[in-house]
Amino acid sequence: MPLELKDVVSLIARNMESKGNPLGVDVDTCVSWASGLDLDKGGETILYTSCMYQMVPYIVRFTELLEKFEGAGGGLLLKIGKAVSSVVDADHIARVPKDERDRFNGVLRGIAKLLKLAGVDFGYLYEDEPYSGSLLYELGLEGLFSRHARRVVDTFRRFGVRRIIVVDPHTYYVLGKIYPRYVDMGDLEVIHYIDMLHRYIDRIPLKGIQGERYTIHDPCLLARFMKIIDPQRELLDRLNIDLVEPQRSRIKTRCCGGPLESVSPKLSKTLGRVRASELASYSRKIIAMCPICISNLVRGGRDLDIEIYDLSEILVRGAG
Amino acid sequence: MPTTYRDVVSRALRFREDPKAVELLNKVVSSVSSRVYRVLESYPYLEYLAKEVSEVKRYSIANLDRLLKQAMESVERVGGRAYLAKDSEEARRIVGEIVGEGQIVIKSKSMITEEIGLREYLEERGNEVWETDLGMLILQYLEGERPTHPVIPVLHVSKERIIRAFKSRLGLKDLDEGSPPEKIVELARRILREKFIKATIGITGANAFAADSGAVVIVENESNARLTSALPPKHIAVTSIDKIVPTLGDAVKVAFVQAAYTGLYPPTYINIIAGPSSTADIEYERVVGAHGPREYHVVFIDNGRVGALDDPVMMDMMRCIRCGRCLIECPAYQSFGPSWGSGPYSGPMGVGWIYITRGIDEAGPLSMLCMHAGNCVEVCPLSIDLPSIIQRIKSMYVSRIMGSEES
């Protein structure tokens, strides 16, 4: 029995209200990646995570839980609500293995490191960093989304932010294309970290890494909507890796199924499976660059012999 | 029966549990896809033509009132009769009155006739109605099945099922599971030949309608639309108002682009019908009714379309020429195929057309399976902003089901 849409949407709306993000993860989960990095709080240029990479292990678990309810014929908000709070509750945080959390925190640390190597100066909003609201928009909750977007922009203003470096396609898309429809962005500049690294590519000491074969998965939002296709390839080029382009890549890339995660976890997984298998036929090492793609390719590729990397993880290797 | 969100997800899940259906979908979708790319590569001018058509359609929907009036006047001027139906019911009634009862009626493929349920209505009124497009004939034999692609209506039906349907309907012995497609085509030809001759009414749709000349333009490969519009004494063309373009030249361009972006280019036939058949061979005096129809009727159908023009996002849908390319490249359609649609409309453009013709209750649940991957707008020959259209439907639907919880 499929989930009742109203249940899922209410749960997400409730989490937004109580914790400010769709899964209801707590603020420590979102900010702990930055500990020890000595990033300034705020500043003209900030790195904006929207807690997306940090949530990946929770998204995977949340979706797998929803999937159980989708199969069990339950679909009751109460049941889902309880189960979800057990995934993200501080008391049960150990349920998400530490190494998974560390890995995705590491992605952000890697991005921060690369930006520093590129000579980019940036701060971070720590516990004041808001979630972008991208999932609200994607689920059609436009009323909630537009109110949320105004608050997010107010926060940026309050901290004197002028330039926002985003790290994932969903945040980039809503900030770049959707926010301006609902809220006055003024002179706020939004830039993707891949573009930023590419701009200063010669400053980053990228060396060749061991000759292994990789394939690449372009996120739909990044390639088709935001047209970032070549910069990541030119960066990878500096590493001299053997990169095999799948037939469906670049502008013709195929969806990972991620956007259906909360609508129908099963259908979403099916698509993840299809895309993961397709990519696996090019190489077992897959370079992705979106936390939603990664979480869904992980779910879909559970029983495939594949390794999914974030672009930044590969670039960091080349940066020594 | 209203579709719920759960129905939509259940149908998609069920579809995925049928490996044969999934395999068939993969096969057809990938061959159509590569064929379109091949056509576009071989005939580079088509992309320019598509851009031109894109602008023609933009102009046409912005000037719909005037063009509709002109189109109806042109039909009368070339010796036809023009009608305007505001909804399905009125459209069925108008066609029903022209047809009458106890007639043999032949039809060519037309999604608008599916939209208004014309065949069933005419049958109820005691007419013998035959679909002459092979795909549509197969659907007629399968009873209750609907087209799942605007140009390839039986994209989801395997050859085995087609053979079973033909066998059970016709009691044929010389047809078996292993029979080649040629055999089925030959059978259809044999069955329909007699109907073409005996039919008193031929009903066609239109790929485009030329306001300046009162002409219907129909693109096809089977030659059935050609026979349907030429052999019976009466020709009824049924068309939705969004098909109207200013000139005959524009209309032919629409047909070119529609064919190309379905992967069928050059099309075998483009039919232009601008009035009843006639001759002026005797002292240059026009006599209506030569070898073709003596009567030419054109029924223009609104059915929610004018309303769509009030919405700045939705009005872009009205430019759609139903080539179906957005379906072929959409990850949701590629995965859920026939289950992601209802009535004659499926896929990304289907969600938009279902909204326009049947409203939010039908379109809303379907919109939730859109993954906003953006392939549709990327490959649409007219660059229709389908992701924004579907997003708009999603948002209307979600605020409806959430009621006061989300406003």
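Residues numbered from 1 in each chain as written. Chains lettered and ligands numbered in written order. Predicted model: local features only at pLDDT ≥ 70, side-chain atom pairs only at ≥ 80, totals over all residues.

Peer 1: For the domain arrangement of chain B, give the residues involved together with the corresponding values.
Peer 2: All names here are of chain B. Splitting chain B by domain gives domain 1 (5-42 + 311-402) and domain 2 (63-303). If you average the C-alpha positions of domain 1 and of domain 2, the two centres end up 25 Å apart. Counting residues at the interface gives 25 residues for domain 1, matched by 22 residues for domain 2. At the level of secondary structure, the elements contributing two or more residues to the side of domain 1 that touches domain 2 comprise helix H2 (19-42) and helix H14 (325-329). A per-element tally of the side of domain 1 that touches domain 2 places H2 first, with 10 residues. (Domains from an automatic or database assignment. Contact = placed C-beta atoms within 7 Å. Helix = DSSP H or I, 4+ residues; strand = E, 2+ residues; numbered from the N terminus.)

Peer 1: Go over the interface of chain A and chain B with me, naming the residues and quoting the values.
Peer 2: For interface size, the figure often reported is the accessible area lost on association. The partner chain B presents 27 residues to the 29 residues of chain A that form the contact. Broken down by secondary-structure element, the contributors of at least two residues to the side of chain A that touches chain B are helix H1 (5-19), helix H7 (142-158), helix H10 (220-225) and helix H12 (265-280) of chain A. Looking at side-chain class alone, the side of chain A that touches chain B contains 17 nonpolar, 6 polar and 6 charged residues. (Nonpolar A, V, L, I, M, F, W, Y, C, P; charged D, E, K, R; others polar.)

Peer 1: Any chance you could break down the domain arrangement of chain A for me, citing the residues and the numbers?
Peer 2: All names here are of chain A. The domain architecture assigned to chain A consists of domain 1 (5-198) and domain 2 (206-318). Taking only C-alpha atoms, the centre of domain 1 and the centre of domain 2 are 20 Å apart. Contact residues are listed per partner, giving 32 residues for domain 1 and 29 residues for domain 2. Of all the secondary-structure elements, those providing two or more residues to the side of domain 1 that touches domain 2 are H1, helix H3 (52-72), helix H5 (98-117), helix H8 (169-182) and helix H9 (193-199). Among the elements that line the side of domain 1 that touches domain 2, the one with the most residues is H3, at 11 residues. Grouping the constituent residues of the side of domain 1 that touches domain 2 by class yields 18 nonpolar, 6 polar and 8 charged.

Peer 1: So, helix H9 (residues 159-170) of chain B: which residues are in play, and what are the values?
Peer 2: Residue and element names in this part refer to chain B. With 12 residues, H9 should cover 16 Å at 1.5 Å per step; its first-to-last C-alpha distance of 16 Å lies within 8% of that length. All buried positions along H9 are accounted for by Ile-162, Ile-163, Ala-165 and Phe-166. Viewed along the axis of H9, the buried residues span an arc of 160°, placing them on a single side of the element. On its buried face, H9 sits against helix H8 (134-142) and helix H10 (181-198). Of the residues flanking the end of H9, it is Gly-171, one or two places downstream, whose phi is positive at about 60°. (Expected span 1.5 Å × (residues − 1). Buried ≥ 20, exposed ≤ 12 C-beta atoms within 10 Å, placed from the backbone. Arc of directions from axis to C-beta.)

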